[in-house]
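Analysis of the macromolecular model
Okay, here's what each chain looks like letter by letter:
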Amino acid sequence: MVHSVELLLDSETESAVQQIWADLMAVGIRSQAAHRSPSNRPHITLTVAERMDDTVDAALLPVLARLPLDCRIGALMLFGSRAITLVRLVVPSVQLLALHAEVHRICLAQTPDGPLVHAEPGAWTPHVTLARRLSPDVLPQALALPQVSHEIPGRITGLRHWDGNAKVVHPIG
């Protein structure tokens, strides 16, 4: 499993994303709404690594000074080819990119094997996941939902560390 550091959205933005999850489920597309874990909520993953030291939570406390941060959830995007992940881009503002760079810098000392390549500055794509492991044949139905692509003005208000090995969320701050 992996560890990740994730940004959390305010309740209004989170509800808007959860409504899209529900709308996808209503037309028969398995979305993140089907994932019933209490840790499942809309988020923006900042970094991912195979391992993170126990000290990462305390090391990340200074990042909280950058929050809250306004954001825009924009364009629909697809990751993968055969098994598709449907996501919405979080428009990479100067402030969001600076926050990501700070988290990356802090976590380098906390990740013995380093972050996964796609989480490094210059390779990171900020996004919110809508649905995973989709077959390409359901994409027309998903894309036909107008709410799937309407821009969502939002606010980032929290930070957490997900320990995928222990399946435990560590709120930061």
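Just so it is clear, the model here is predicted, and its values are computed rather than measured.

**A few points about the overall build of the protein chain**
Summing up its helical and strand segments, the protein chain has four helices and seven strands in all. In the protein chain, the succession of helices and strands from N to C terminus is β-α-β-α-β-β-α-β-α-β-β. Counting only C-alpha atoms, the protein chain reaches 45 × 30 × 30 Å along its principal axes. For the protein chain, the proportion of contacts with a sequence separation of at least 24, taken over those separated by at least 6, is 81%. Surface accessibility of the protein chain: about 8600 Å² in total, with carbon and sulfur atoms responsible for 55%.

**Some thoughts on the side chain of H161**
By the secondary structure assignment, H161 is in strand 6 (residues 152-163). In this structure the side chain of H161 is engaged in a polar contact, spanning 2.8 Å, whose partner is the side chain of D57. Setting aside anything within four residues of it in sequence, one finds H161 in contact with H3, S4, M52, V56, D57, V168, V169, H170 and I172.

**A few points about helix 1 (residues 11-26)**
Taking 1.5 Å as the rise per residue, helix 1 with 16 residues should run 22 Å; its terminal C-alpha atoms sit 22 Å apart, in good agreement. Among all positions of helix 1, only T13, E14, V17, I20, W21, D23 and L24 are buried. Buried residues along helix 1 sit against strand 1 (3-9), strand 3 (69-79), strand 4 (84-90), strand 5 (127-134), helix 4 (139-143) and strand 6. Of the residues trailing helix 1, G28 is marked for its positive phi of about 85 degrees.

**Brief notes about the environment of A142**
Its location among the elements puts A142 in helix 4. A residue is classified by how much of its surface remains accessible, and A142, at 1% relative accessible area, is buried. As a C-alpha pair, A142 and I44 span 98 residues in sequence and 21 Å in three-dimensional space. With residues up to four places along the chain from it excluded, the contact list for A142 reads L24, I29, L86 and V148.

Conventions and cut-offs
Residues numbered from 1 in each chain as written. Predicted model: local features only at pLDDT ≥ 70, side-chain atom pairs only at ≥ 80, totals over all residues. Heavy atoms only, no water. Helix = DSSP H or I, 4+ residues; strand = E, 2+ residues; numbered from the N terminus. Contact = heavy atoms within 4.5 Å. Areas by Shrake-Rupley, 256 points an atom, 1.4 Å probe, with all protein chains shown as cover. Polar contact = N/O pair within 3.5 Å; in protein donor to acceptor, adjacent residues only side chain to side chain. Expected span 1.5 Å × (residues − 1). Buried < 20%, exposed > 50% of the residue type's maximum accessible area, 1.4 Å probe, protein only.

In short, shape yes, function no, at least from these values alone.
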